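# Structure at a glance
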Amino acid sequence: MNHAIAMDTRADIPTDYQDTPIGRLLEYHNMARALDGYTQAPLLIGMCMDHRKNLRIPENFAYIIRTGGANLRYSEFKVSYAIAVGGVRAIALIGHNQCGMVNLIARQALFVQGLVDAGWARETAERHFHHFAPMFEIGDEMDFVVSETKRLRLRYPKVIAAPLLYRIEDNRLYWIQET
Ligand SMILES: [Zn+2]
């Protein structure tokens, strides 16, 4: 089981992340740390496209890739760009609870009808759903973010990566303790 651990004070931040861009992200968003000035972004944030989330971070602090479920499997070139050209050496992967990419199949009828209402033929909408839903289904939010973080660590060995969770109810970031 993975656990979401509250990050309320600096002492809560795992030592591996303290004084790294990941620790700073937690301090800015959760602990009201004064926003520092940056000229070059030290961090890449991967987070869901969901509209209910807003981060408190300084300007120029982070590249941000937003996708369904914070799934970066189909954004690899952009991740590589942020690392290779942008020079980032830290990735914060932020999942969130109540994510629409969990149990997608339960929303099939809604999805298809929504596209029909937007002008698609029903059969095309159904084919579209069946083609893409398995690619974007994430299962469980926290398990997915942890497995995706592990994949990124293997892919980019000199980049630190941390799995985080955004809770919709309190708009705070939690560290996902990996087990
Ligand atoms: Zn989501």
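Above this text sits the structure in question.
To start, this report covers the structure provided alongside it. (Residues numbered from 1 in each chain as written. Predicted model: local features only at pLDDT ≥ 70, side-chain atom pairs only at ≥ 80, totals over all residues. Heavy atoms only, no water.)

## What to know about the overall build of the protein chain
Threshold: The way it works is that DSSP assigns letters per residue, a run of H or I at least four long becomes a helix, a run of E at least two long becomes a strand, and they are numbered from the N terminus. Within these notes, the globule rule equals 2.2 Å times the number of residues to the 0.38 power, and the radius of gyration is based on C-alpha atoms. Three exposure classes are used, based on accessible area relative to the maximum for each residue type with a 1.4 Å probe and protein chains only: buried under 20%, partly exposed in between, and exposed over 50%. Accessible areas in this description were obtained via Shrake-Rupley with a 1.4 Å probe; residue shielding takes into account the shown protein chains only.
Counting its regular elements, the protein chain contains 5 helices and 6 strands. If you list the helices and strands of the protein chain from N to C, you get β-α-β-β-α-β-α-α-α-β-β. Compactness check: the protein chain gives a C-alpha radius of gyration of 17 Å against a globular reference of 16 Å for 179 residues, within 12% of the reference. Along the longest, intermediate and shortest principal axes, the C-alpha atoms of the protein chain span 50 × 35 × 30 Å. Counting the 179 residues in the protein chain, one finds 45% classified as buried. For the protein chain, the exposed surface amounts to about 9,400 Å²; the carbon and sulfur share of it is 55%.

## Comments concerning helix H2 (residues 76-84)
Spelled out, the test is: Directions drawn from the helix axis to the C-beta atoms are what define this arc. Any two residues whose heavy atoms approach within 4.5 Å at even a single point are treated as in contact.
Within H2, the full set of buried residues consists of Val79, Ala82 and Ile83. Relative to the axis of H2, the buried residues are bounded by an arc of 95° and lie together on one face. Structural note: H2 exposes Phe77 and Ala84 on the side pointing more than 90 degrees away from its buried face. Buried residues belonging to H2 abut strand S2 (43-48), strand S3 (62-67), strand S4 (90-96) and helix H5 (141-155).

## Thoughts on the environment of Leu104
Mapping Leu104 onto the fold places it in the loop between S4 and helix H3 (108-117). We classify Leu104 as buried; its relative accessible area is 11%. For the pair formed by Leu104 and Tyr38, sequence separation is 66 residues and the distance between their alpha carbons is 39 Å. Dropping the residues within four chain positions of it, Leu104 is found in contact with Phe129, Ala133, Phe136 and Glu137.

## Quick notes on the coordination of the zinc ion
Selection criterion: Water is not part of the atom set, so a site may look incomplete; the donors themselves are N, O and S atoms within 2.8 Å of the metal, or 3.2 Å for Na, K and Ca.
Around the zinc ion, the protein contributes the donor atoms Cys48 (SG), His96 (NE2) and Cys99 (SG), at 2.0 to 2.3 Å from the metal centre. Read in sequence order, the donor residues coordinating the zinc ion give the pattern C-x47-H-x2-C. Residue Cys48 is found in strand S2, and its partner Cys99 is found in the loop between S4 and H3; the two are separated by 51 residues along the sequence. Take Cys48: its relative accessible area is 4%, and that puts it in the buried class.

## Description of helix H1 (residues 21-31)
Counting buried residues along H1, 10 of its 11 residues qualify, which places the element largely inside the surrounding structure. Every buried residue of H1 is accounted for by Pro21, Ile22, Gly23, Arg24, Leu25, Leu26, Glu27, Tyr28, His29 and Asn30. Looking at the buried positions of H1, the neighbouring elements they touch are S2, S4, strand S5 (160-167) and strand S6 (172-177).

## Observations concerning the nonpolar core
Where we set the bar: Among buried residues, the Ala, Val, Leu, Ile, Met, Phe, Trp, Tyr and Cys ones that are joined through side-chain atoms within 4.5 Å form a nonpolar core.
Counting 22 residues, the largest nonpolar core has Leu25, Leu43, Ile45 and Ile94 as the members making the most contacts within it. Those elements giving two or more residues to this core turn out to be H1, S2, S4, S5 and S6. Look past the residues within four positions of Ile94 in its chain and what remains in contact with it is Leu25, Ile45, Gly46, Met47, Cys48, Leu55, Ala70, Val145, Leu164, Leu165, Tyr166 and Leu173.

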